[in-house]
Amino acid sequence: MGWSAVNNRYGDDKVFDACSLFGMMNLKGQRFSGKDPVKAMMNMHDRGNGLGAGFAVYGLYPDYKDDYALHVMYMNRDAKRATDKYIKERFEVHVDEEVPTRAANVRDPPLVWRYFVQPRRDKRVDQHPDDYVLENVMHINTRTGNAFVFSSGKDMAVFKGVGFPEDIAQHFCLDEYEGYLWTCHSRFPTNTPGWWGGAHPFNVLDWTVVHNGELSSYGINRRYLEMYGYRCTMQTDTEVLAYAFDLLIRRHHLPMEVVAQILAPPFWDEIDEEPPQRRQLLTTLRRTYGSLLMNGPFTIIVAHQGEMIGLTDRIKLRPLAAGVKGDILYLSSEEAAIDLVARGLNRMWRPKGGELVVGRLGDRGMGEPLLREVNV
Amino acid sequence: MKSYLEPNYIVERDDERCIRCKVCVNQCTYETHYYDPEDDAVYSHDENCVNCHRCVVFCPTQALTIRPNPCTYTANANWTHEAIRALKEQAETGGVMITGMGCDKPHYTYWDRLLLNASQVTNPSIDPLREPMELRTYLGAKPDRLAVDVVDGEVALTTQLTPQVCLETPILFSAISYGATSFNVHEALARAATESGTLFNTGEGGLDHRLYPYGDHTIVQVASGRFGVHPAYLDVGAAIEIKIGQGAKPGIGGHLPGEKVGPAISKTRMIPVGTDAFSPAPQHDIYSIEDLRQLIYALKEATDYTKPVSVKIAAVHNSAAIASGMVRAGADIIALDGVRGGTGAAPKTNRDNVGIPIELALASVDQRLRDEGIRNRASVIAAGGIKSSADVAKAIALGADAVYIGTAALVAMGCTVCQKCYTGKCPWGIAATDPWIAKRLNPDIATRRLVNLLQAWSWELKEIMGGMGINAIESLRGNRLHLRGVRLTDTELRVLGVKLAGE
């Protein structure tokens, strides 16, 4: 028997059950390439198992920044034919093209197409363009079973698939793109199959979510959202987070700080100790939106145009570290990944369970606490 | 007429143990036991025995055993012993067979074919002895969305919620009327509800003014007979419930014989002493859903919109559509009482054959309200045969906000479900108003037993939730992914909205 660096005589195939998240945002809005985010993700290689990875990039398409950028995965050519026709009926298509790819260590990639579109003028007058887009995305995603709009925001896109982060980055040529905000995910799927549509980030309009954890409350989160017209098609619990943010922020106009108190509320014992006005607010939130409490372990990084948010479940069953260097805010599952790409941070902290970290365009960096728009 | 009925039970007395203390003679309200001084022996009239176990429990030397009469008719799957006996009884009396408690047939229970989930590996279970585990529940209408203003960085609500009631555990005491039961029973329910942070329901017989101090933990019921309904009564409760129907006897009104109406009950019910209190089968001012809306709003007007209004119906074939109408009519709470729901008196044929199981009714009502996008507008309370904390957990996972327990609470106080409540002779002093019998129920002890039951079930609920990795009851409510079915057909699974175990 030869020398071995590992104790396991039968092969070193031990796995670590976790996903990894990473987010990086330039608070001044300056764009940067995918080099650092991919490097940070590679550092957390062991947290994933190659069954899913993805990136969301904001400030990505300055040339088409007013168009909805629909990114569609096609599992077969028939689905594309049917969906092309549908999209052209419902939208004015300014550009449509295959998303460039190159050879990479990925298996069975679907055909990925992107469309820069505007809603057709004959849409209902009273309907907001966002609602029109959302309605049609839901329709396409439930129509053929072989076409999935996985990114539908403006001036942003999601790139995701089955593979390790570096493989997906290589496949979609991410070194050639620039954005001011990147969120990244590497997956260790447990409850749902590893398939291209099931990789993170999850997207609805320009909202994206990357998620580590498992929502024990998924059953009711989903049934609640169904009452508001959302249809869960991606076979994973993370989808409900994306829809919850869309409902609460875009449709109900609640501030992010309020939304955090809905998804990861304080315990009743803590609420009972608050002064009357705040107690009434928190009590009313839990009474009204109790079905959206995200119960079970989670860390999420949520992004939309101009904002990046980190949040964990209320008893912090999954990790989250935050750091600031210069104008850049970092969020990560592990501190080491931040340290690797940003030596000499101005500030580094570990948010408490249910404590929100928000980075907004225009926030001051340089180690000062991030500005908050509202106090909750 | 010579009766052809044989005793249901046989009393066995161990003469070597019997010390002739006559406790059994004094405790039995049905005069089953008697002492013969000549023989210095205690004997029994077995035909009087209802198997209530009062004598068994109180016999100081454990000399008594009650057995079902082994002498049964020739075995026959169709002409069962129960069927033959019922025929003979009716041939002798010419009357409707009356019984007490809920349907005792085995084939309507779905709880036992539903199994709960637990966390393994991918998410952690939570230990309720070491970490917070929340059962607090608010009943009442919830808005579909909240509106807030941000002023100087402070968030201020602009949506005002309609009145709600807060429960520290999602278990309420079901409607049990004063008159059907004694004052001591009502007092124990009121005190236990107060101590446990939940509510009890007056039932249709009003509320004795001595219990007004417990009003914050009281649901005052308005039934078709309007017994005991007056402004002070409506004002004192935390919520009002309109009783349309009862699971034990859908479509039939309450029925209190005049013998049970003594001075205190007469005063509370606002009827003369000794008169029968028969509630009409329907509410005669509610012949339609529009009429229901009028009564709901009449009660809200009468109480200045300060408390939620519940509407209780028996679970029947069309419950889902009816519930939808009730929500649209303004009900803040829907109480569904399934076919196994209890009663003090009901025609046996109706009790055992009318209505549907609560599991199916609850599942279809919850889904229907969601399909129509109005589930937020009312809370749902499930009732009817809930016998354990596991049933509570399953009901909540199917979609209930809370459950009512009636029979289970009575059992905690001493009831043995002998089904003879309608005789007014309950040897445990529960379904009895005769002062000599009613005083057997000590309200201090009964309160303690009820509080213990709620505490035990609450802990068990926390253990179940902790195992699932859920630390707030709202994440279990309507979360049918935490249920799996066994021995159920595809159609049953579809109606329940659950998957088969293994799926």
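Rules of the game
- Residues numbered from 1 in each chain as written.
- Chains lettered and ligands numbered in written order.
- Predicted model: local features only at pLDDT ≥ 70, side-chain atom pairs only at ≥ 80, totals over all residues.
- Helix = DSSP H or I, 4+ residues; strand = E, 2+ residues; numbered from the N terminus.
- Buried ≥ 20, exposed ≤ 12 C-beta atoms within 10 Å, placed from the backbone.
- Contact = placed C-beta atoms within 7 Å.
- Nonpolar A, V, L, I, M, F, W, Y, C, P; charged D, E, K, R; others polar.
- Axes fitted to C-alpha atoms, helices over the stretch in contact; angles between N-to-C directions.
- Parallel < 35°, antiparallel > 145°, perpendicular 65-115°, else oblique.
- Left-handed = near helix turned anticlockwise from the far one by under 90°.
- Pairing = 2+ DSSP bridges.
- Domains from an automatic or database assignment.
- Core = buried A, V, L, I, M, F, W, Y, C linked by C-beta atoms within 7 Å.
- Expected span 1.5 Å × (residues − 1).

## Observations regarding the overall build of chain B
Here comes step 1: Looking only at helices and strands, chain B has 15 helices and 23 strands in total.
Here comes step 2: Oriented by its inertia axes, the alpha-carbon framework of chain B measures out at about 95 × 55 × 45 Å.
Here comes step 3: Of all 503 residues assigned to chain B, the portion counted as buried reaches 50%.
Here comes step 4: Sequence separation of 24 or more characterises 69% of the internal contacts of chain B that already satisfy a separation of 6 or more.

## Quick notes on the overall build of chain A
Here comes step 1: Tallying secondary structure elements over chain A gives ten helices and 18 strands in all.
Here comes step 2: Out of the 376 residues in chain A, the part that is buried amounts to 52%.
Here comes step 3: Restricting to contacts in chain A with at least 6 residues of sequence separation, those with at least 24 account for 73%.

## Looking at the interface of chain B and chain A
Here comes step 1: Residue-level contacts link 37 residues of chain B with 33 residues of chain A.
Here comes step 2: Of all the elements in the fold, those that place two or more residues in the side of chain B that touches chain A are β8 (148-151) and β9 (154-157) of chain B.
Here comes step 3: Broken down by element, the residue count for the side of chain B that touches chain A peaks at three residues, all from β9 of chain B.
Here comes step 4: In terms of residue class, the side of chain B that touches chain A is built from 14 nonpolar, twelve polar and eleven charged.

## Thoughts on the packing of helix α8 (residues 319-328) of chain B against helix α10 (residues 358-371) of chain B
Residues and elements named next belong to chain B.
Here comes step 1: Running from N to C, α8 and α10 point in directions that differ by 50°, and their axes come no closer than 8 Å. Considering the angle they form, α8 stands oblique to α10. When the axes of α8 and α10 are compared, the crossing they make is right-handed. Of α10, the residues touching α8 (which contributes Ser-319, Ala-320, Ala-323, Ser-324 and Val-327) are Ala-361, Ser-364, Val-365, Arg-368 and Leu-369.

## Topic: the sheet that holds strand β10 (residues 181-186) of chain A
Residues and elements named next belong to chain A.
Here comes step 1: Pairing is antiparallel across the open sheet formed by seven strands, whose spatial order is β8-β3-β10-β1-β16-β15-β17. Pairing within the sheet leaves two strands with one partner each, and these edge strands are β8 (156-161) and β17 (347-349). Along the sheet, successive strands turn relative to each other by an average axial angle of 10°, direction set aside.
Here comes step 2: Looking at chain direction, strand β3 (residues 53-58) and β10 are connected through six bridges and run antiparallel. From the neighbouring strand, Ala-56 faces β10, where its bridge partner is Thr-183.

## Re the domain arrangement of chain B
Residue and element names in this part refer to chain B.
Here comes step 1: Taken domain by domain, chain B comprises domain 1 (9-95) and domain 2 (168-500).
Here comes step 2: The C-alpha-based centres of domain 1 and domain 2 are spaced at 33 Å.
Here comes step 3: Each partner contributes to the interface: domain 1 provides nine residues, whereas domain 2 provides seven residues.
Here comes step 4: Class assignment of the residues belonging to the side of domain 1 that touches domain 2 gives a composition of four nonpolar, four polar and one charged.

## A word on the nonpolar core
Residues and elements named next belong to chain B.
Here comes step 1: Among the nonpolar cores identified, the biggest contains 260 residues, and Leu-189, Ile-334, Leu-336, Leu-362, Ile-381, Val-403 and Met-413 are the most heavily contacted of them.
Here comes step 2: In terms of residue count, helix α14 (residues 443-468) provides more of this core than any other element does, nine residues in total.
Here comes step 3: Split by domain, the residues of this core number at least three in each of domain 1 (9-95) and domain 2 (168-500).

## Quick notes on helix α9 (residues 276-289) of chain A
Here comes step 1: Given a rise of 1.5 Å per residue, 14 residues ought to cover 20 Å, and the 20 Å separating the end C-alpha atoms of α9 of chain A matches this to within 8%.
Here comes step 2: Listed in full, the buried residues belonging to α9 of chain A are Leu-281, Leu-282, Thr-283, Thr-284, Leu-285, Arg-286, Arg-287, Thr-288 and Tyr-289 of chain A.
Here comes step 3: Packing partners of the buried residues in α9 of chain A comprise α7 (256-263) and α8 (268-272) of chain A together with β7 (137-139) and β9 of chain B.

## Concerning the sheet that holds strand β12 (residues 207-213) of chain A
Residue and element names in this part refer to chain A.
Here comes step 1: If you walk across this open sheet you meet the five strands as β11-β12-β13-β14-β18, and the pairing is antiparallel. Pairing within the sheet leaves two strands with one partner each, and these edge strands are β11 (202-204) and β18 (357-360). Going across the sheet, the axis of each strand differs from the next one's by a mean of 15°, ignoring polarity.

## Quick look at the pairing of strand β15 (residues 321-325) of chain A
Residue and element names in this part refer to chain A.
Here comes step 1: Within β15, four of the five residues are buried, leaving the element largely enclosed by the surrounding structure.
Here comes step 2: The pairing of β15 with strand β16 (residues 328-332) spans five bridges and is antiparallel. Among the inter-strand pairings, Ala-322 is bridged to a residue of β16, identified as Leu-331.
Here comes step 3: Following β15, the chain reverses through two residues before pairing antiparallel with β16; Gly-326 in that reversal takes a positive phi of roughly 60°.
Here comes step 4: Note that β15 and β17 share three bridges and pair antiparallel. Paired with Ala-322 across the bridge in β17 is Trp-349.

## Focus: the pairing of β8 of chain A
Residue and element names in this part refer to chain A.
Here comes step 1: Burial within β8 is extensive, with six of its six residues counted as buried.
Here comes step 2: Burial along β8 is two-sided: Met-156, Val-158 and Lys-160 and Ala-157, Phe-159 and Gly-161, pointing in opposite directions, are all buried.
Here comes step 3: As paired strands, β3 and β8 are joined by six bridges and run antiparallel to one another. By the bridge assignment, Tyr-58 is partnered in β8 with Met-156.

## Digging into α7 of chain A
Here comes step 1: For α7 of chain A, a buried count of seven out of eight residues is recorded, marking the element as mostly surrounded by other parts of the structure.
Here comes step 2: For α7 of chain A, the complete set of buried residues consists of Met-256, Val-258, Val-259, Ala-260, Gln-261, Ile-262 and Leu-263 of chain A.
Here comes step 3: The secondary structure elements touched by the buried residues of α7 of chain A are α6 (238-251), α9, β14 (307-312) and β18 of chain A together with β8 and β9 of chain B.

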